[in-house]
Amino acid sequence: MKKIILAIVAVITMSATVMAQEENKPMRDHQRPDMKEMVKQRTAETVKAYGLNEAQAAKLLELNLQYADKIRPMGGPNRHGGPNGHRHHMNRNGKHQGDTLQAPRQMPQRPSREEMEKRREEMMKNMEAYNAELQKIMTEDQFKSYQADIQKRMKNGPRGPRE
């Protein structure tokens, strides 16, 4: 009887240890894919949507990789909360995962209106340069279709039409 109780206690202890270790692991499933993979995926979607051939697809991938860091949402890398663009995940005890006895992290200061305007202007210049290069890659009909889709997205917003 004592051996059975000891075995049960050992199993419970090991289970609790494994669960605690799982809780402290970084949440790999929720991490964003790396930039290169996202660019490849977006390029593949564009190739399919506009019927680009293999030569156009190769040039588009090169262009997208070139502009990957230049054209990004206004929020930049910190727009999702954490210093690396990741949200902080809480464990069951209400602590941030990975918390230790370190000083609390400082949240980045919000940029000034002038800084935001400067970033917007820079992004617009990059978009114009990107579109000029894209126009050289696509046929006239493909580019017109691309521009029409961009206009729809701007009108409807990134999440589709407003209802």
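Residues numbered from 1 in each chain as written. Predicted model: local features only at pLDDT ≥ 70, side-chain atom pairs only at ≥ 80, totals over all residues. Heavy atoms only, no water.

## With respect to the overall build of the chain
Check the secondary structure of the chain and you find five helices and zero strands. The N-to-C order of helical and strand elements in the chain reads α-α-α-α-α. Residue pairs in contact within the chain that sit at least 24 positions apart in sequence constitute 61% of those at least 6 positions apart. Element-wise, carbon and sulfur atoms account for 53% of the exposed surface of the chain, whose accessible area totals about 14000 Å². (Helix = DSSP H or I, 4+ residues; strand = E, 2+ residues; numbered from the N terminus. Contact = heavy atoms within 4.5 Å. Areas by Shrake-Rupley, 256 points an atom, 1.4 Å probe, with all protein chains shown as cover.)

## Points about the side chain of Asn-64
For Asn-64, the position within the fold is in helix α3 (residues 54-67). Setting aside chain neighbours within four positions, we find Asn-64 in contact with Val-39, Thr-43 and Tyr-130.

## A look at the environment of Asp-69
Mapped onto the elements, Asp-69 comes out in the loop between α3 and α4 (113-137). The exposure class assigned to Asp-69 is exposed, which follows from its relative accessible area of 56%. Remark: the alpha-carbon pair of Asp-69 and Met-35, spanning 34 residues in sequence, is separated by 8.8 Å. (Buried < 20%, exposed > 50% of the residue type's maximum accessible area, 1.4 Å probe, protein only.)

## Remarks on the packing of aromatic side chains
In total, this model carries three aromatic pairs according to the counting rule given. A ring pair is formed by Tyr-50 and Tyr-146, whose centres lie 6.0 Å apart and whose planes are at 75°; its orientation type is edge-to-face. Taken as a pair, Tyr-50 in helix α2 (residues 35-50) and Tyr-146 in helix α5 (residues 140-156) lie far apart in primary sequence, 96 residues in all. By the burial criterion, Tyr-50 is buried, and Tyr-146 matches it. (Phe/Tyr/Trp six-rings, centres within 6.5 Å; stacked < 30°, edge-to-face > 60°.)

## Details of α3
Helix length check: α3 (14 residues) gives 20 Å between terminal C-alpha atoms against 20 Å at 1.5 Å per residue, within 8%. All of the buried residues along α3 are Gln-56, Ala-57, Leu-60, Leu-63, Asn-64 and Tyr-67. Take α3 and look down its axis: the buried residues cluster within an arc of 125°, on one side only. Among the exposed residues of α3, those pointing more than 90 degrees away from its buried face are Glu-54, Lys-59 and Glu-62. (Expected span 1.5 Å × (residues − 1). Arc of directions from axis to C-beta.)

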